[in-house]
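# Residue-level structure breakdown
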Amino acid sequence: MKRIAVLTSGGDSPGMNAAIRAVTRSAIYRGLDVIGFRRGYEGLLDGDGVPLTKSSVGGIIHRGGTMLRTARSDRFRRPEGINEAISRLREYDIDGLVVVGGDGSFRGAWALHEQGFPVAGIPGTIDNDIAGTDSTIGFDTACNTALQSVEKLRDTASSHDRLFIVEVMGRSAGFLALEVAVASGAECVLVPEVPFHLEHLCEKLHYAKQRGKTHSMIILAEGVMSANQLASRLKDTGGYEARITVLGHVQRGGSPSSFDAVLASRMGASAVEMLLEGQRGFMVGYVNQQLTSCPLPTAWESKKPLNHEMMALVEALSI
Ligand SMILES: Nc1ncnc2c1ncn2[C@@H]1O[C@H](COP(=O)(O)OP(=O)(O)O)[C@@H](O)[C@H]1O
Ligand SMILES: O=P(O)(O)OC[C@H]1O[C@](O)(COP(=O)(O)O)[C@@H](O)[C@@H]1O
Ligand SMILES: [Mg+2]
């Protein structure tokens, strides 16, 4: 292997820059050239590659977003897109590609692998919805960003004796919502993995009030329904007046936490080492505090389970 490429794809996440830096510097350290493709698979199809050097990835480890930018690419999904991408990689003399992204990006990387192209995946998404790794790059930072906001909202909720609904990201995964709910001491958490029952939620709020609670926080993952919808259903069914806050894309920005910067650095370096060892079509994972690798389809073939003990904890600790 003489030259590898790296790209970031799907939703950005804090720590992606640290991963780009680690891939680049460890590859150069091992005598390889590195090309960065801008705007994910879209940029790969456009041939938008730039040489990455030791200095061009300097000063980025602490920066949120991704210096290579990212995109979602419909063109790439088509069979001709995959073949075109491989032609582009060959034009650039690339021997291996490192994809930093989520489950969708890994499906794309697997399609390249199935056409015989060497690929490695590094899990980068705030959703943490990737099986085969305990944590994805950006999840810890997003939890801390959301937590800061929930703590501020708790101040005003308690001062005014109010009910708040805080909508966090997660179209089909409740990892972020659950982590933030436990860390903030929220009264309720609603996640896509657990069926939602309005009556049950109203009962909970009712009993909380009876026990003397003057304010409550509901952490809602966006995949369940919007905060607006939940607020109007709570009003119609239980007569509850809720204030709502939608945290939105603020959760995707900011400097990576030390956990994410270290995770990204370790995963980036491992991806290069594993490619050099001859591994193909794999994802780097972090399981029980060890770096691991698994076949890319592990990421989406099995659904990563939510921690049910943590779900129960939200109930038990908000009495
Ligand atoms: N089944 C698939 N086959 C090929 N490419 C895919 C597939 N699913 C997703 N992709 C590519 O990966 C990109 C990023 O996927 P997306 O699901 O948006 O983000 P993430 O990787 O963060 O989950 C998509 O825009 C598309 O180009
Ligand atoms: O930035 P967009 O296109 O609005 O996407 C929002 C989605 O991206 C995420 O932030 C991250 O998801 P992916 O990592 O799968 O792209 C989700 O939590 C959220 O639902
Ligand atoms: Mg995804």
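Residues numbered from 1 in each chain as written. Chains lettered and ligands numbered in written order. Predicted model: local features only at pLDDT ≥ 70, side-chain atom pairs only at ≥ 80, totals over all residues. Heavy atoms only, no water.

### Notes on the UniProt feature "binding site: ATP" (unreviewed entry) in the protein chain
Within the UniProt annotation, "binding site: ATP" (unreviewed entry) is assigned to Gly11, Arg72, Ser73, Gly102, Asp103, Gly104 and Ser105. These annotated residues cover 95 residues of sequence, and their C-alpha atoms all fall within 13.9 Å of one another, placing them together at a single site. In this structure Ser73 touches Tyr41, Glu42 and Leu45, once residues within four positions along its chain are discounted. The residue Gly102 is located in the loop between strand S4 (96–101) and helix H5 (103–114) in this model. Ignoring sequence-local partners within four residues, the contact set of Gly102 consists of Ser9, Gly124, Thr125 and Ile130. (UniProt positions renumbered as here; feature names shortened; annotations may be inferred. Contact = heavy atoms within 4.5 Å. Helix = DSSP H or I, 4+ residues; strand = E, 2+ residues; numbered from the N terminus.)

### Structural notes on the site of ligand 1
In the region of ligand 1, 14 residues are neighbours, and Arg72, Ser73, Gly102, Asp103 and Ser105 sit closest. Between ligand 1 and Gly104, the relevant distance is 3.1 Å, taken from an oxygen atom to a main-chain nitrogen or oxygen of the residue. When the free accessible area of ligand 1 is taken as 550 Å², the share hidden by the protein chains comes to 84%. Taken together, the elements giving at least two residues each to the shell around ligand 1 come down to helix H3 (74–77) and H5. Per-element tally for the shell around ligand 1: the top contributor is H5, with five residues. (Near = heavy atom within 4 Å. Polar contact = N/O pair within 3.5 Å; in protein donor to acceptor, adjacent residues only side chain to side chain. Areas by Shrake-Rupley, 256 points an atom, 1.4 Å probe, with all protein chains shown as cover.)

### As for the sheet that holds strand S9 (residues 242–246)
Backbone-to-backbone hydrogen bonds pair the strands of a sheet. The strands run either parallel or antiparallel. The strand order S7-S8-S6-S9 describes an open sheet built from four strands, whose pairing is parallel. Edge positions in the sheet fall to strand S7 (188–190) and S9, since each of these pairs with one other strand and no more. Between one strand axis and the next, the sheet turns through 20° on average, direction left out of account. Sitting on the sheet, helix H9 (residues 227–238) touches strand S6 (163–168), S7, strand S8 (216–221) and S9, and the angle it makes with S6 is about 150°. (Pairing = 2+ DSSP bridges. Axes fitted to C-alpha atoms, helices over the stretch in contact; angles between N-to-C directions.)

### Overview of the pairing of strand S1 (residues 3–8)
Looking down a regular strand, the side chains alternate between one sheet face and the other. Burial runs high along S1: five of the six residues are buried. Alignment of S1 against strand S2 (residues 33–37), held across four bridges, turns out to be parallel. The residue of S2 that forms the bridge with Ala5 is Ile35. Each parallel crossover has a hand, and for S1 linked through helix H1 (residues 16–29) to S2 it is right-handed. Bridge count between S1 and S4: five bridges; the pairing is parallel. By the bridge assignment, Ile4 is partnered in S4 with Gly96. (Buried < 20%, exposed > 50% of the residue type's maximum accessible area, 1.4 Å probe, protein only. Right-handed = clockwise from strand over helix to strand, strands pointing away.)

### Digging into helix H10 (residues 258–277)
With 20 residues, H10 extends 28 Å between its outermost C-alpha atoms, agreeing within 8% with the 28 Å of an ideal straight helix rising 1.5 Å per residue. Among all positions in H10, only Asp260, Ala261, Leu263, Ala264, Met267, Gly268, Ser270, Ala271, Val272, Met274 and Leu275 are buried. Looking one or two residues beyond H10, the residue adopting positive phi is Gly278, at roughly 105°. (Expected span 1.5 Å × (residues − 1).)

### Structural notes on the site of ligand 2
Taken together, the neighbourhood of ligand 2 is formed by Gly10, Gly11, Arg72, Thr125, Ile126, Asp127, Met169, Gly170, Arg171, Glu222, His249 and Arg252. Here an oxygen atom of ligand 2 and a side-chain polar atom of Arg252 are 2.7 Å apart. For ligand 2, whose accessible area on its own is 480 Å², the fraction buried by protein is 80%. Looking at the shell around ligand 2, its residues break down into two nonpolar, five polar and five charged. Two domains each put at least three residues into the shell around ligand 2: domain 1 (3–138 + 256–301) and domain 2 (140–252). (Nonpolar A, V, L, I, M, F, W, Y, C, P; charged D, E, K, R; others polar. Domains from an automatic or database assignment.)

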